[in-house]
Amino acid sequence: MFPEDRPDPDSLLTQMQQEEATAKLGRLHIFLGMCPGVGKTYAMLQTARQRMKEGVDVLAGVIETHGRHETAALLEGMRVLPRRKLEHREFTLEEFDLDAVLQQRPQLVLVDELAHTNAPGSRHAKRYQDVLELIDAGIDVYTTVNVQHIDSQVDIVRQISGVTIQETVPDSILDRAHEIQLIDLGVEKLLERMAEGKVYLGERAEHAVSNFFKEGNLTALRELALRFTAERVDRDLEDIRRARRVSSPWKTNARLMVGVAPSPYAESLIRWTRRAATRLNCPWLVVWVESSVSLKPEDQERLTRALGLARKLGGEVVSVTGEQVAEALLRVARERNVSQIVVGKPDKARWWRSSLAEELITGSGDIDVCVVRPLATPERARTGSVAELVPESLVGEYSWACVMVFAIASLCWAVAPFTGYMFVALVFLLTVVLAALRLSRWPVLLMAALSALCWNYFFIPPQFTFHITKPDDMIMFGMFFIVALSMGSLTARLRLREMAEHRRLRQTDALLRVTQGAALAAEPQKGLAEALRTINEFLQATTALVVREQDRSLPKVAHKASTFQPTAKEWGVIAWSYENKQCAGRFTDTLPESSATWFPLQTATALMGVLGVQMSGRGARLDFPARQTIEAFALQLALVLEKEHFIQAASQAEVLAQSEKLHRTLLDSVSHELKTPLAVIHASLEGMSDVQSPYVKEISTASQRLQRVVDSLLQMTRLESEVLQPRPDWCDLQDVISAARQAAGESLEPHPVQIELPHDLPLLKLDHALLAQAMANILHNAAVYTPSAAAIDIKATFHAGSLRLVIRDHGPGLPSGEEGRVFDKFYRAKGTPAGGTGLGLAIARGFIQAQGGRITARNHPEGGAEFVIELQVAAHDRPDH
C-alpha cells in the first residue's frame with residue numbers, strides 16, 4: 001500500500017465511532033417536495049405498505065389526508081395511532097401522541113408534516129422534535145416536508161413568492177436523515193391537480209392559485225428542490241468516497257464564519273452561511289461581539305433569536321468582547337483558522353466612517369471576505385404602550401440634564417460680574433464631564449449642547465442674543481461646543497465600558513464563588529448550598545438542584561439547598577432533560593409551559609444531574625448572555641459533583657483494596673495452618689487402613705472434603721497474588737482429561753463420563769496441571785449438582801490453532817439470568833447442597849485466563865449446564881509408532 005493510499009487512523013476511528021453510535025439510533029427517511037400537492041404523503045404510504053409486506057411492524061402515527069380519498073385508501077389495513085386530545089382555551093385539539101409510540105415501540109412509524117407546530121401543552125413545540133426523540137429511541141421514521149419549510153431556504157422562498165414561512169425545520173435534522181427522497185411533479189401537472197380539487201378545495205384553492213401557486217413561483221420552487229436534493233447527493237457521494245478511501249476530485253479545508261449583531265439582517269446572514277457551508281461540506285461559526293453598549297430589550301430579543309437559529313441550524317456560536325467589531329472578528333477568524341468571513345453589504349456609504357465590510361477586507365490578509373446582500377427579517381408584532389418604548393430612567397436623565405444646566409447657569413449669573421464669562425465656560429465644561437460619570441450618552445450630549453447655547457445667550461457679549469461680534473469669542477464658542485461634546489461623549493463611553501467590565505467582573509466573581517463554595521467546602525452538602533445561594537443572588541432567581549443517585553437514577557426530591565421544590569409536572573421535565581441531556585422547560589422549545597428552565601449537569605465523561613432556574617417577574621426572559629452564564633454555572637456544579645463522585649469512588653476502591661488484602665492474608669494464613677493437621681490426619685488414616693469401622697470412612701471422607709477446601713483457598717490465593725505463571729509443554733489431551741477425572745475424586749464415580757475426541761487430534765502445547773485442575777473443578781461441580789447416574793459429556797475440537805472443550809451435564813442447569821455469576825468467588829446458587837465453598841468455578845476461570853483463554857457457561861437447549869473452554873495453543877503432529 002502506497003503512503004498516500006494508507007487510511008488515516010484518526011479518520012478510521014472517528015468513522016467507527018460514528019457507525020457505532022448510528023447503529024443504536026433509528027433511521028429517518030424524508031419525502032421531500034417542492035410544495036403541497038405533489039404526492040409526498042401518498043408516496044410515503046405506498047412505501048410503508050411495501051415495508052409491511054416485508055414483515056416490518058408499521059404504525060401510522062399521524063397522517064394528514066386533507067380529504068383526499070386515494071390517500072385515505074392507503075391507510076386500510078394499517079395500524080393507525082389514535083391522536084392525543086389537548087384542551088386549550090375551551091377548544092379540544094388533536095395532536096400526535098408521542099408517548100404512545102414510545103410505549104408501543106413499532107419498528108417504523110409514519111409522521112406526516114415534519115414542520116408542523118404542536119399545540120400548547122405538548123411536550124415539544126415542534127413536530128420535528130418529536131421525530132428526533134423517536135430516532136434517539138431507536139425507532140425508524142418516515143416523514144414528509146416541503147422545501148420552503150427548510151430553515152436555510154426561507155429567505156430564498158420569500159424572494160420567490162413574497163411569502164414569509166413561519167413553520168420551519170432546521171437543516172440539522174435533514175443532516176441526520178438516512179435517505180431523502182424527492183417527490184417531483186411537473187408544474188403543469190400540479191396546476192391540473194389544483195384545478196381538479198385534489199390539492200385544496202373551494203375558495204382555498206382559488207386563493208392558493210392567485211397567490212402562492214403561480215406558475216413562476218412553482219417553477220422556481222421546483223428548481224430549488226432539485227438543487228437542494230442534488231447538493232445532498234453530492235455530499236453523500238463524498239462520504240462514500242471518503243469511506244472507501246477513493247481519491248476525491250476535490251478536497252476542501254474550508255471553515256466559514258459570520259459575524260452577527262442585533263439587526264434584522266442577522267437571521268438572513270446565518271441562513272446564507274449555512275447554505276454555503278452545506279455546499280462546501282465544512283464547519284461554520286457564528287460570532288457575536290459584545291461591546292460596552294447595553295442592548296435594548298428588543299435588540300436583546302432579536303440577538304437571542306438569531307443565535308438560537310444558528311444553534312438550531314448546526315452552527316457553533318462564539319461570543320467575544322471588544323469595542324472594535326472588525327478587529328474582534330479578525331482575531332477570532334485567525335484563532336479558529338477560518339478561510340472565509342461572511343458579512344452583509346452596507347446599506348449606504350458614509351464618508352466619515354468605513355463600513356464593517358471595508359474594515360474586514362482591509363485587515364483580512366489571506367482570509368477571504370464574502371459580502372452578501374441579506375434580507376431583513378420581518379419584525380414580530382410588539383405589544384405595549386408608547387410610554388413603554390422610552391424607559392423611565394432615560395426620561396429622568398434628560399430631566400436632570402436640563403435642571404443641572406439651569407442650576408449652573410443661575411449660579412454663574414451671580415458670579416459672572418466678578419469672574420468674567422471665560423470662567424463660566426470652564427464651569428460648564430466641568431459640569432458636563434461630571435455629569436457624564438452618571439448619565440447616559442444622549443442626555444450628556446444634550447447637556448453639552450444646552451450648556452454651549454446658555455453660555456452664548458446669557459454670558460458672551462452681546463448678551464441675550466445668539467449673535468457673537470468678536471472673532472475670538474466665535475472661536476472660543478466653537479471650541480467650547482466641540483470640547484463639551486467630545487468630553488461628554490468620551491466620558492460616557494468610558495463609563496459604559498466600566499459598567500460592562502463591572503458586569504463581566506461580577507459574573508467572573510460569581511463563577512469563582514460558586515466553584516470555591518462547592519469545591520472547597522469541608523462538607524459537600526454545605527458547599528452546594530453556598531453555591532446555589534450565590535447563583536440565586538446573581539440571577540435574582542430561585543434554583544433547584546437534582547443530583548443523581550449512585551445507581552445513576554434520579555431522586556424523588558430535589559437537593560435540600562434548593563429554593564423551590566419541583567411539582568409533579570416539573571419532574572417530568574427533569575426526567576426528559578436528564579435522559580436526553582438537553583435543556584428543557586420555560587424559554588425552550590421542549591415543554592415550554594414549565595415554570596422553570598432545566599439545564600443538564602453534563603461533563604465530558606458523566607451526567608451528574610439537572611439544575612433548574614425559575615426566573616421571577618412578569619417580564620422575565622432568558623437572553624443569550626444569561627443562558628451562557630447559567631450554562632457556565634451548571635458546568636461548574638457538574639465538575640464539582642463529578643469530583644466528589646471520584647473521591648467517593650477512590651475511597652471505596654481503597655477500602656476494598658485493603659479488605660481484599662486482609663482477605664487474602666487471612667486465607668493464606670488459615671490455609672497454611674490447616675495443611676499440617678490435615679497431613680497428620682491423612683497419615684493416621686493410612687495407618688488405620690486395616691480397621692473396619694464406619695467412623696474411619698466418615699473421617700476419611702470429611703478429611704478429603706477439607707483438603708479440597710484448603711487446596712481451593714491456596715489456589716485462589718495464588719491467582720489473586722498474580723504469582724501464577726503457566727508452564728506450557730507438549731501434552732496429550734487424553735492424558736489431561738484422565739488427570740482431571742482422577743482429581744475430581746469419588747464424587748465423579750456415580751456418573752458415566754462420555755468422551756468424544758477427534759481421531760487425528762495432535763499434541764498440544766499447554767499447561768497440563770492448570771488445564772487438568774480447571775476441568776476437575778468443572779467435573780466436580782457437574783457431579784455435585786446433577787442426579788446420580790446422570791451422564792457427563794466431554795467433547796473437544798481443534799481447528800486452526802484453537803482448542804474448544806465442551807463439558808456438559810444432564811442436570812437441572814444453571815439459574816436463569818445468572819449464567820455469568822457462576823464464576824464469581826463464593827457464589828452458590830439457591831437450594832444447593834451444603835459443603836462447597838463457591839470457589840471451584842472461580843478457580844477454573846482463573847486457570848483458563850492465566851493461559852490466555854476464556855471460559856463461558858450457559859444452559860444447553862436440551863437441558864443441563866454446558867461449560868465451554870477456548871484456548872489458542874500450538875500443535876504438533878504425533879510421532880509415528
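Calculation rules
- Residues numbered from 1 in each chain as written.
- Predicted model: local features only at pLDDT ≥ 70, side-chain atom pairs only at ≥ 80, totals over all residues.
- Heavy atoms only, no water.
- Helix = DSSP H or I, 4+ residues; strand = E, 2+ residues; numbered from the N terminus.
- Buried < 20%, exposed > 50% of the residue type's maximum accessible area, 1.4 Å probe, protein only.
- Contact = heavy atoms within 4.5 Å.
- Pairing = 2+ DSSP bridges.
- Axes fitted to C-alpha atoms, helices over the stretch in contact; angles between N-to-C directions.
- Salt bridge = Lys/Arg side-chain N within 4 Å of Asp/Glu carboxyl O.
- Arc of directions from axis to C-beta.
- Polar contact = N/O pair within 3.5 Å; in protein donor to acceptor, adjacent residues only side chain to side chain.
- Phe/Tyr/Trp six-rings, centres within 6.5 Å; stacked < 30°, edge-to-face > 60°.
- Core = buried A, V, L, I, M, F, W, Y, C linked by side-chain atoms within 4.5 Å.
- Parallel < 35°, antiparallel > 145°, perpendicular 65-115°, else oblique.
- Left-handed = near helix turned anticlockwise from the far one by under 90°.
- Nonpolar A, V, L, I, M, F, W, Y, C, P; charged D, E, K, R; others polar.

**Considerations on the overall build of the protein chain**
Logical step 1: Looking only at helices and strands, the protein chain has 26 helices and 25 strands in total.
Logical step 2: Taking all 881 residues of the protein chain together, the buried fraction comes to 42%.
Logical step 3: Relative to all contacts within the protein chain whose residues are 6 or more apart in sequence, the contacts with residues 24 or more apart total 70%.

**Structural notes on the sheet that holds strand S20 (residues 763–766)**
Logical step 1: The strand order across the open sheet formed by 3 strands is S18-S20-S25, and the pairing between neighbours is antiparallel. Looking at which strands have only one partner, the edges of the open sheet turn out to be strand S18 (729–731) and strand S25 (874–876). Sheet twist, expressed as the mean angle between neighbouring strand axes with direction ignored, is 35°.
Logical step 2: Note that S18 and S20 share 3 bridges and pair antiparallel. Bridging across to S20, cysteine 731 finds its partner in leucine 764.

**So, unusual backbone geometry**
Logical step 1: Cis geometry is found at the peptide bond from proline 461 to proline 462, where omega equals -10°.
Logical step 2: Here proline 462 lies in the loop between helix H18 (441–459) and helix H19 (471–519).
Logical step 3: Its identity is not glycine, yet alanine 789 carries a phi of approximately 75°, on the positive side.
Logical step 4: The topology assignment puts alanine 789 in the loop between helix H25 (768–784) and strand S21 (792–799).

**A look at the pattern of salt bridges**
Logical step 1: Scanning the model with the defined rule gives 30 salt bridges in all.
Logical step 2: Between arginine 311 and glutamate 631 there is a salt bridge, with its nearest N and O atoms 3.8 Å apart. Note that arginine 311 is positioned in helix H12 (residues 297–312) and glutamate 631 in helix H22 (residues 624–687), a separation of 320 residues in sequence.

**What about helix H8 (residues 187–195)?**
Logical step 1: Taken as a whole, H8 has its buried residues at Val187, Leu190, Arg193 and Met194. Each buried residue of H8 lies within a common arc of 120° when the element is viewed along its axis, so the set occupies one face. Counted as exposed and oriented over 90 degrees from the buried face of H8: Glu188 and Ala195.
Logical step 2: Once H8 ends, the next one or two residues include glycine 197, with phi positive near 75°.

**Side note on the environment of valine 286**
Logical step 1: Tracing the sequence through the fold places valine 286 in strand S10 (residues 284–290).
Logical step 2: For valine 286, a relative accessible area of 0% puts it in the buried group.
Logical step 3: As a C-alpha pair, valine 286 and leucine 307 span 21 residues in sequence and 7.7 Å in three-dimensional space.
Logical step 4: Each residue touching valine 286, except ones within four places of it in the same chain, is listed here: Val258, Val260, Ile270, Leu307, Ala310, Glu316, Val317 and Val318.

**Let's talk about the side chain of glutamine 153**
Logical step 1: Along the chain, the position of glutamine 153 falls in the loop between strand S7 (140–146) and helix H6 (154–161).
Logical step 2: With relative accessibility at 6%, the residue glutamine 153 sits in the buried group.
Logical step 3: Here the side chain of glutamine 153 touches serine 152 through a polar contact of 3.1 Å, side chain to side chain.
Logical step 4: What glutamine 153 contacts, discounting residues up to four positions off in sequence, is Val147, Leu224, Phe228 and Arg275.

**Remarks on the sheet that holds S21**
Logical step 1: Reading across from one edge, S19-S21-S22-S24-S23 is the order of the 5 strands in this open sheet, with mixed pairing throughout. Because the sheet does not close on itself, it has two edges, and the strands there are strand S19 (753–756) and strand S23 (854–859). Averaged over all adjacent pairs, the angle separating strand axes in this sheet is 15°, with direction ignored.
Logical step 2: Sheet topology note: the S19/S21 ladder contains 4 bridges and is parallel. Residue pairing in the sheet places valine 753 in a bridge with isoleucine 792 of S21.
Logical step 3: Against the sheet, H25 touches S21, strand S22 (802–809), S23 and strand S24 (865–872), its axis set at about 20° to S22.

**Looking at the packing of aromatic side chains**
Logical step 1: A complete count under the given rule lists 12 aromatic pairs for this structure.
Logical step 2: Between phenylalanine 564 and tryptophan 598 the ring centres are 6.0 Å apart and the planes differ by 55°, which places this aromatic pair in the tilted class. Of this pair, phenylalanine 564 sits in the loop between strand S14 (541–547) and helix H21 (568–580) while tryptophan 598 sits in strand S16 (residues 597–602); the two residues are 34 residues apart in sequence, bridging distant segments of the chain. Judged on exposure class, the residue phenylalanine 564 and its partner tryptophan 598 are both buried.
Logical step 3: Aromatic ring contacts, followed pair by pair, group Trp413, Phe428, Tyr457, Phe458, Phe459, Phe464 and Phe466 into a single cluster.

**So, the nonpolar core**
Logical step 1: Ranked by size, the top nonpolar core spans 60 residues in total, and within it Leu110, Leu134 and Leu190 carry the most contacts.
Logical step 2: Among the elements that take part in this core, helix H10 (residues 215–243) stands out by supplying 5 residues, more than any other.
Logical step 3: When near neighbours in sequence (up to four residues on either side) are disregarded, leucine 134 contacts Phe96, Leu98, Val101, Leu102, Val109, Val111, Ile139 and Val141.
Logical step 4: Core analysis: the next-biggest nonpolar cluster, separate from the first, contains 44 residues, Leu733, Val736, Leu748 and Ala774 among them.

**Considering the pairing of S20**
Logical step 1: Bridge analysis of S20 against S25 gives 3 bridges, and the strand direction is antiparallel. Bridge pairing in S25 places leucine 764 opposite alanine 875.

**Topic: the pairing of strand S17 (residues 607–615)**
Logical step 1: Burial within S17 is extensive, with 8 of its 9 residues counted as buried.
Logical step 2: In this sheet, S17 lies alongside S14 in antiparallel orientation, the contact comprising 7 bridges. Along S17, the bridge assignment pairs threonine 543 with valine 613.
Logical step 3: Sheet topology places S16 next to S17; 5 bridges connect them, and they run antiparallel. Paired with threonine 597 across the strands is valine 613, a residue of S17.
Logical step 4: Linking two consecutive strands that pair antiparallel, namely S16 and S17, is a turn of 4 residues.

**Quick word on the environment of histidine 29**
Logical step 1: In this structure, histidine 29 sits in strand S1 (residues 28–33).
Logical step 2: For histidine 29, a relative accessible area of 9% corresponds to the buried category.
Logical step 3: Along the sequence, histidine 29 and aspartate 140 sit 111 residues apart, while their C-alpha atoms lie 8.0 Å from each other.
Logical step 4: The contact partners of histidine 29, leaving out residues within four places of it in the chain, are Val141, Tyr142, Thr143, Glu179 and Gln181.

**Considerations on the packing of H25 against helix H26 (residues 840–850)**
Logical step 1: Viewed as axis vectors pointing N to C, H25 and H26 meet at an angle of 155°, and their least axial separation amounts to 9 Å. On the basis of their axis angle, the class for H25 and H26 is roughly antiparallel. The handedness of the crossing between H25 and H26 comes out as left-handed. Residues Leu770, Leu771, Gln773, Ala774, Asn777, Ile778 and Asn781 of H25 touch H26, and the partners they reach there are Gly840, Leu841, Ile843, Ala844, Phe847 and Ile848.
Logical step 2: Looking at the contact of H25 with H26 residue by residue, the class counts come to 9 nonpolar, 4 polar and no charged.

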